[in-house]
Amino acid sequence: MQYLGLLPANDPLREYLQTAILPQLGYEDAPAEFDVFRMGERASVYLYAERRSGLRVIGKFFAGPYQPGTRATERHMDREYENLLRARSYGFTGYPHHVVRPLGRNACLSSVLIEEYVAGARLSRFFDGASRRGERDALFAKLTALAYFLATLHNRTANGIAVDFTVDCRYLDRVLGRLVQLGALGGDAAQELYGLRDRWAAQPRMWADQQVLVHGDATPANFLLGDGLQVTAIDLERMQWVDRVWDVGRVAGELQHAFLQATGDKSAAEPFIGHFLWEYACHFPDRGRAFSAICERVPFQMALTLLRIARNDWIDPPYRRRLIEEARTTLRTV
């Protein structure tokens, strides 16, 4: 978190926070003053701390600083706002499962979404602690909490409609297209991956489950962990109706990436992946059957996660090649 200074009195955002947001939190005193902090490395997310009351809120901008929102940025803002409300409508409003509360949105102010501030350590801190410093017990505990959260989200929202695996395949196509553009994936390698995609699509198990509402971007940065089983989800812009392994496989793939990057050995993640999947499966009537069914489908999403990470600009070429190779090895298990 980086301190940026005091929000200027003539900034229109200050008036919006004073008149539309703070009253929801019980503040109706003298003119508010806000200290501004950038959250992590994300230039679009800021913390606003009111000096007198200590109240804090998060501002997430979908358009550039001091730029008017466009139809596209307004759609993104509205989508996340509505997704947060939808998830909260399923009971995710306290302990142990929580989704951040949206407090307001303003298309005129760079398409900003204002959310409540929730304290907690990001899941990424526990990934780093286990993979780089040997803090294994803490990660096991937090994976138990996350498995409980995701299983609750998925089970509460199951709609009885069969999953459409073509959604997963289309996303893989977009990721592969980006890797080809980067020059990280040659034509022959891409064709093999497209062929493996088709082999996975031919498996009845990939179409067998029912749709659930998934977080959609279940990365370690998007979950805040508190005491005990407390999990708070943020960044629900990509929430959608798909197979539950969209989330489960993303978490497993992120675990594999964390240990591969830190140790060079992807197998170091296996105890944590197995623990997470087993804990997730315990929230079903037949734990063993659920575990087996998930394990049969999850490799596709794990591989897709590695490819998704590989397309990022901050990944250096040697590690990008390693991620692509590990993803290909995983997809070959079909």
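Chemist: It is not clear to me how the overall build of the protein should be interpreted in this structure. Could you clarify?
Modeler: Summing up its helical and strand segments, the protein has 10 helices and 12 strands in all. Here the protein has a C-alpha radius of gyration of 21 Å; the compact-globule value for 334 residues is 20 Å, and the two agree. Counting only C-alpha atoms and orienting by the principal axes, one finds that the protein spans roughly 65 × 45 × 45 Å. Relative to its 334 residues, the protein shows a buried fraction of 52%. A separation threshold of at least 6 residues defines the contact pool for the protein, and within that pool the share at least 24 residues apart is 69%. Accessible surface, the protein: about 14,900 Å² in total, of which carbon and sulfur atoms supply 49%.

Chemist: Can you walk me through the sheet that holds strand β2 (residues 34–38) in this structure?
Modeler: In a beta sheet, neighbouring strands pair by backbone hydrogen bonds and run either parallel or antiparallel. The strand order β1-β2-β3-β4-β7-β6 describes an open sheet built from six strands, whose pairing is antiparallel. The open sheet has two edge strands with one neighbour each: β1 (2–6) and β6 (102–106). This sheet shows a mean twist of 25° between the axes of neighbouring strands, independent of strand direction. This element, helix α1 (residues 12–21), spans β2, β3 (45–50), β4 (56–61), β6 and β7 (112–116) of the sheet and lies at about 135° to β6. Seen against the sheet, helix α2 (residues 71–89) touches β4, β6 and β7 and runs at an angle of roughly 160° to β6.

Chemist: Where do I start with the pattern of salt bridges in this structure?
Modeler: Think of it this way: side chains of opposite charge can pair up when their charged atoms draw near. Taken as a whole, this structure holds 21 salt bridges when the rule is applied. Arginine 105 serves as the salt-bridge partner of aspartate 78, at 2.9 Å between the closest nitrogen and oxygen. On the criterion of sequence distance, the pair formed by aspartate 78 in helix α2 and arginine 105 in strand β6 is long-range, its members being 27 residues apart. Between arginine 197 and aspartate 198 there is a salt bridge, with the nearest N and O atoms lying 2.9 Å from each other. On the basis of relative accessibility, which here comes to 15%, the residue arginine 197 falls in the buried class. What emerges from the salt-bridge pattern is a single network uniting Glu192, Glu325, Arg328 and Arg332.

Chemist: Just checking my understanding: could you explain the sheet that holds strand β5 (residues 97–99) for this structure?
Modeler: Taken in spatial order, the four strands make up an open sheet running β5-β11-β10-β8, and their pairing is mixed. Since the sheet does not close on itself, it has two edges, and those belong to β5 and β8 (121–122), each with one partner. Relative to strand β11 (residues 231–233), strand β10 (residues 223–225) is paired through three bridges, and the arrangement is antiparallel. The residue of β11 that forms the bridge with leucine 224 is threonine 232. Strand contacts of helix α4 (residues 136–157): β5, β10 and β11, with the helix running at about 70° to β5, the strand carrying the most contacts.

Chemist: Would you mind going over unusual backbone geometry with me for this structure?
Modeler: Most peptide bonds adopt trans geometry, and most residues besides glycine take a negative phi value. A cis geometry characterises the amide bond from tyrosine 95 onward to proline 96, with omega recorded as 0°. Within the secondary structure, proline 96 is located in the loop between α2 and β5. Phi at serine 110 is positive, roughly 60°, even though this residue is not glycine. Here serine 110 shows up in the loop between β6 and β7. For aspartate 235, which is not glycine, the phi torsion reads 55° and is therefore positive.

Chemist: Help me understand the nonpolar core, please; the structure alone is not making it clear to me.
Modeler: Note that soluble globular proteins tend to have their nonpolar side chains buried in a common cluster. Ranked by size, the top nonpolar core spans 53 residues in total, and within it Leu139, Phe223, Leu255 and Phe276 carry the most contacts. With nine residues, the top contributor of residues to this core is α4. For phenylalanine 223, the residues in contact, after removing those within four places along its chain, are Ala121, Arg122, Leu123, Leu146, Phe149, Leu150, His215, Ala218, Val231, Thr232 and Ala233. The next biggest cluster of nonpolar side chains, apart from the first, holds 33 residues, and it includes Leu179, Leu193, Ala303 and Leu307.

Chemist: Can you walk me through the pairing of β3 in this structure?
Modeler: Burial of β3 is extensive: six of the six residues sit out of reach of the surface. What you see with β3 is no split at all: Val45, Leu47 and Ala49 on one side and Tyr46, Tyr48 and Glu50 on the other are buried throughout. With five bridges connecting them, β2 and β3 associate as antiparallel partners. Each bridged residue has a counterpart across the sheet, and for aspartate 35 the counterpart in β3 is alanine 49. For β3 and β4, the ladder comprises five bridges, and the chain directions are antiparallel. Each residue of the ladder has a partner; that of tyrosine 48, found in β4, is valine 57. Between the end of β3 and the start of β4, which pair antiparallel, lie five residues, with glycine 54 showing a positive phi angle near 80°.

The rules behind these values
- Numbering of residues begins from 1 in every chain and follows the order in which that chain's sequence is written.
- For a predicted model such as this one, the threshold for reporting local features is a pLDDT of at least 70, and the threshold for listing and counting side-chain atom pairs is 80 or more; totals across whole chains, interfaces and linings nevertheless cover every residue.
- Based on all heavy atoms of the structure, the side-chain values leave hydrogens and waters out of the count.
- A helix here means a DSSP run of H or I that spans at least four residues, while a strand means a run of E at least two residues long, and both kinds are numbered starting from the N terminus.
- Our radius of gyration is a C-alpha quantity, and the globule rule it is checked against amounts to 2.2 Å times the number of residues to the power 0.38.
- Using a 1.4 Å probe on the protein chains alone, a residue whose accessible area is under 20% of its type maximum counts as buried, one over 50% counts as exposed, and one in between counts as partly exposed.
- Any two residues having at least one pair of non-hydrogen atoms within 4.5 Å are treated as being in contact.
- For accessible areas, the Shrake-Rupley method is used with a probe of radius 1.4 Å. Any residue's cover is judged against the shown protein chains and nothing else.
- At least two bridges found by DSSP between two strands is the condition for calling them paired.
- To get an axis, fit a line to the C-alpha atoms, keeping to the stretch in contact for a helix; angles then go from 0 to 180 degrees between the N-to-C directions.
- By definition here, a salt bridge exists when the distance from a side-chain nitrogen of Lys or Arg to a carboxyl oxygen of Asp or Glu is within 4 Å.
- Definition of nonpolar core: a set of buried residues of the types Ala, Val, Leu, Ile, Met, Phe, Trp, Tyr and Cys, connected through side-chain atoms within 4.5 Å.

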